[in-house]
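# Coordinate analysis (summary)
If you want the building blocks of each chain, they are given just below.
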Amino acid sequence: MKRRDNTSDQPGLFDANTEFSSLDVVRFALGDFADRGFELAGRELALDRLMGALKRAYGIFDILPLDDRIVADTLRNLGAEVTEVPDYVAKHPFRFVVPEKVGKDALEFFRSHKE
């Protein structure tokens with residue numbers, strides 16, 4: 001990942017770990033989505049529906065947008081079911097279902113980290 005100021009946020013051999021990861025960004029975005037009153041857990045959502053929350057998370061973490069595949073892999077790592085659809089179906093060709101526990105954890109993470 002690159003920061004907006006063109007510095008890399010990936011640690012070098014002798015650098016400490018970064019303050020955040022793609023996991024943090026996606027968790028923040030999921031929590032933002034849920035905090036706005038949208039039903040998150042237990043239903044299939046297109047990745048397109050999460051783009052507004054992801055953009056807000058990119059601004060908060062001051063990073064360039066993540067590739068859709070990285071977001072999808074991160075959702076999988078969080079425990080979501082992710083399916084890929086053909087490119088001609090959607091601009092962001094992934095759909096996902098977030099388990100209730102992941103949704104609750106993301107909402108708590110969002111609320112504890114929002115400004």
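Let me sum up the structure you'll find in this document. Given the structure is predicted, the values throughout are model-derived calculations rather than measurements.

## Notes on the pattern of salt bridges
Under the defined criterion, the tally for this structure stands at 7 salt bridges. For Asp32, the salt bridge identified is with Arg36, shortest N-O distance 2.7 Å. Owing to a relative accessible area of 48%, Arg36 belongs among the partly exposed residues under this scheme. Residue Glu100 is joined to Lys104 by a salt bridge in which the shortest nitrogen-to-oxygen separation is 3.4 Å.

## Considering the packing of helix H1 (residues 22-35) against helix H4 (residues 100-113)
Where H1 meets H4, the closest approach of the two axes is 7 Å, and the angle between their N-to-C directions is 95°. Considering the angle they form, H1 stands roughly perpendicular to H4. Only Asp105, Ala106, Leu107, Phe109, Phe110, Arg111 and His113 of H4 make contact with H1, whose side of the interface consists of Asp24, Arg27, Phe28, Leu30, Gly31, Asp32, Ala34 and Asp35. Taken together, the residues that form the contact of H1 with H4 break down as 7 nonpolar, 2 polar and 6 charged.

## Quick word on helix H3 (residues 68-78)
The complete set of buried residues in H3 reads Asp68, Val71, Ala72, Thr74, Leu75 and Leu78. For H3, the angular spread of buried residues about the axis comes to 160°, placing them on one side. At its buried positions, H3 is contacted by H1, helix H2 (47-61), strand S2 (81-84), strand S3 (94-97) and H4. Sitting at the amino-terminal end of H3 is Asp67, which places a side-chain oxygen 2.9 Å from the backbone nitrogen of Arg69. In the segment just after H3, Gly79 is the residue with positive phi, at about 115°.

## A word on the sheet that holds S3
Each strand in a sheet pairs with another by means of backbone hydrogen bonds, the pair being arranged parallel or else antiparallel. Ordered by their spatial adjacency, 3 strands build an open sheet running S1-S3-S2, and the pairing between neighbours is antiparallel. Lying at the two open borders of the sheet, with one neighbouring strand each, are strand S1 (44-46) and S2. Sheet twist, expressed as the average angle between the axes of neighbouring strands with direction ignored, equals 25°. The pairing of S2 with S3 spans 4 bridges and is classified as antiparallel. Bridge assignment links Glu84 to a residue of S3, and that residue is Phe94.

Procedures and definitions
Residues numbered from 1 in each chain as written. Predicted model: local features only at pLDDT ≥ 70, side-chain atom pairs only at ≥ 80, totals over all residues. Heavy atoms only, no water. Salt bridge = Lys/Arg side-chain N within 4 Å of Asp/Glu carboxyl O. Buried < 20%, exposed > 50% of the residue type's maximum accessible area, 1.4 Å probe, protein only. Axes fitted to C-alpha atoms, helices over the stretch in contact; angles between N-to-C directions. Helix = DSSP H or I, 4+ residues; strand = E, 2+ residues; numbered from the N terminus. Parallel < 35°, antiparallel > 145°, perpendicular 65-115°, else oblique. Contact = heavy atoms within 4.5 Å. Nonpolar A, V, L, I, M, F, W, Y, C, P; charged D, E, K, R; others polar. Arc of directions from axis to C-beta. Polar contact = N/O pair within 3.5 Å; in protein donor to acceptor, adjacent residues only side chain to side chain. Pairing = 2+ DSSP bridges.

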